[in-house]
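Each chain is listed here by its residues.
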Amino acid sequence: MQHDVDVLIIGAGQAGLAAGYYLHRANRDLAPARQVSFALVDARDEPGGAWQDAWDSLRLFSPSDTSSLPGRQLAPEPGVTYRLASVLPEYFRDYEARYELPVTHGIRIRSVFRDGKRWLALGEDGQQWTARILINATGVWDAPVIPQIPGADTFSGELLHTVDYRRASDFTGKRVVVVGGGNSGAQIAADLLETAASLDWTTRRPPRLMPDHIDGADLFRLTSLRVAGKPISPDDVPVGDIIAVESVRRARDKHGLTARELFTHFDDRGVIWPDGSRSDVDTVIMCTGFAPALAHLAPLGLAHPPAVDDIEPSQSREHPGLFFLGYGDWCGPASATIIGAGRAAKGCIASVLDYLAEARR
Ligand code: FAD
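What you see is a predicted model, and the numbers here were worked out from it, not measured in a lab.

Calculation rules
Residues numbered from 1 in each chain as written. Predicted model: local features only at pLDDT ≥ 70, side-chain atom pairs only at ≥ 80, totals over all residues. Heavy atoms only, no water. Domains from an automatic or database assignment. Contact = heavy atoms within 4.5 Å. Buried area = accessible area lost by both parts, 1.4 Å probe. Salt bridge = Lys/Arg side-chain N within 4 Å of Asp/Glu carboxyl O. Polar contact = N/O pair within 3.5 Å; in protein donor to acceptor, adjacent residues only side chain to side chain. Nonpolar A, V, L, I, M, F, W, Y, C, P; charged D, E, K, R; others polar. Helix = DSSP H or I, 4+ residues; strand = E, 2+ residues; numbered from the N terminus. Expected span 1.5 Å × (residues − 1). Buried < 20%, exposed > 50% of the residue type's maximum accessible area, 1.4 Å probe, protein only.

**Quick word on the domain arrangement of the protein**
And step 1. The domain boundaries assigned to the protein delineate domain 1 (2–143 + 291–359) and domain 2 (152–286).
And step 2. Taking the mean C-alpha position of each, domain 1 and domain 2 sit 29 Å from one another.
And step 3. If you look at the interface, domain 1 gives 16 residues, while domain 2 gives 18 residues.
And step 4. Among the residues of domain 1 in contact with domain 2, Trp55, Phe61 and Arg343 are the three that bury the most area, contributing 42% of the side total.
And step 5. Inspection of the region where domain 1 meets domain 2 yields two salt bridges.
And step 6. Here Arg167 and Asp56 are joined by a salt bridge, their closest N and O atoms 2.7 Å apart.
And step 7. Taken together, domain 1 and domain 2 are joined by eight residue pairs in polar contact (both at pLDDT 80 or more).
And step 8. Considering only residue class, the side of domain 1 that touches domain 2 consists of nine nonpolar, four polar and three charged.

Below, the structure is given as structure tokens:
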């Protein structure tokens, strides 16, 4: 079945929903003849984007007012500063309904082509969309990055990635190594401390925790100052890669959680450390990051990462009419956060409306 719209948004996680919100809002103010038809399509059967796969103990790193999509604040929970991430899928479901966002769930777009002046997106089950504008908001969760470490193919234990981690109790009694010096590595290591039979947290470089009082809201405020061109004192910029959330602080202070230097290679039953010693290991969890999930855009032959406009960073420089939302700073400052996705989407939709107005002239 073919659907023809002005704007197709691929991905209905926070970035896609925020774009949908601004289109919905624009239509409210436009005469019927000028309204923009749009659709969102998402591979997942249910609302919530990647948050549906968050591990049970994961808490947001900002309070509710800086963990919200535009137009509707995530409700605060009395006595709780940082809400559990597991509340987000319900919040997204409510958001889709409240703004009547036309989301088709359960269809993955397999490939995208340019067809004259329109985009052609081919989905599963014979579903396809054509659109003047394509907003790609497919996140990173579907493209986990696992570094090549010698001997990995001989390792007989479990080799997992952040995307596979759900709860500490799945690892009760196991000897676990957690790899990665970012937020996920620190938090998963902290989560496992009391359950695993043994735990090694290992990183390429010594991990750097930000000062304890810094949270995601502080980082967003700094980004906002930077975007506004306001002066920022170097003393206000926290040094570090890891937000010292409560679970990480507790692991550090109560259990002395520290990281050791990354192992050099695997053998069949474990890992070999730089000093030549070895550990038997049941599970290695790679918290080693993600790449933008862009496989369906392969026919367009994009650069990696895609080249975007300097002024409107969400628009592709190689393919005008193609926009990227949510992947990281390269497509809008803080755009890979819930609050930042809203700001990036606002700028993106302003450009989309200009583009459509120009095309209709
Ligand atoms: P996603 O949520 O991944 O949504 C993309 C959607 O696109 C998915 O539903 C996917 O199924 C769909 N999709 C993908 N490919 C296709 C396709 N080909 N066709 C159709 N659909 C497709 N941010 C904060 O603001 N606060 C936090 O506390 C916070 N904590 C985080 C903790 C962790 C462990 C991680 C990994 C990230 C955290 N972030 C946090 C960052 C960020 O908010 C998330 O990464 C967020 O999920 C990104 O949203 P998104 O909409 O870009 O992508």
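**Regarding helix 4 (residues 216–227)**
And step 1. Taking 1.5 Å of rise per residue, twelve residues should cover 16 Å, and helix 4 covers 16 Å from first to last C-alpha, within 8% of that figure.
And step 2. What helix 4 keeps buried is the set Gly216, Ala217, Phe220, Leu222 and Thr223.
And step 3. Against helix 6 (338–360) lie the buried residues of helix 4.
And step 4. Its side-chain oxygen 3.0 Å from the backbone nitrogen of Ala217, Asp215 forms the N-cap of helix 4.
And step 5. The positive-phi residue at the C-terminal boundary of helix 4 is Gly229, with phi of around 70°.

**Focus on the environment of Glu100**
And step 1. Its place among the elements puts Glu100 in the loop between helix 2 (88–98) and strand 3 (103–105).
And step 2. The spatial distance from the C-alpha of Glu100 to the C-alpha of His265 is 52 Å, given a sequence separation of 165 residues.

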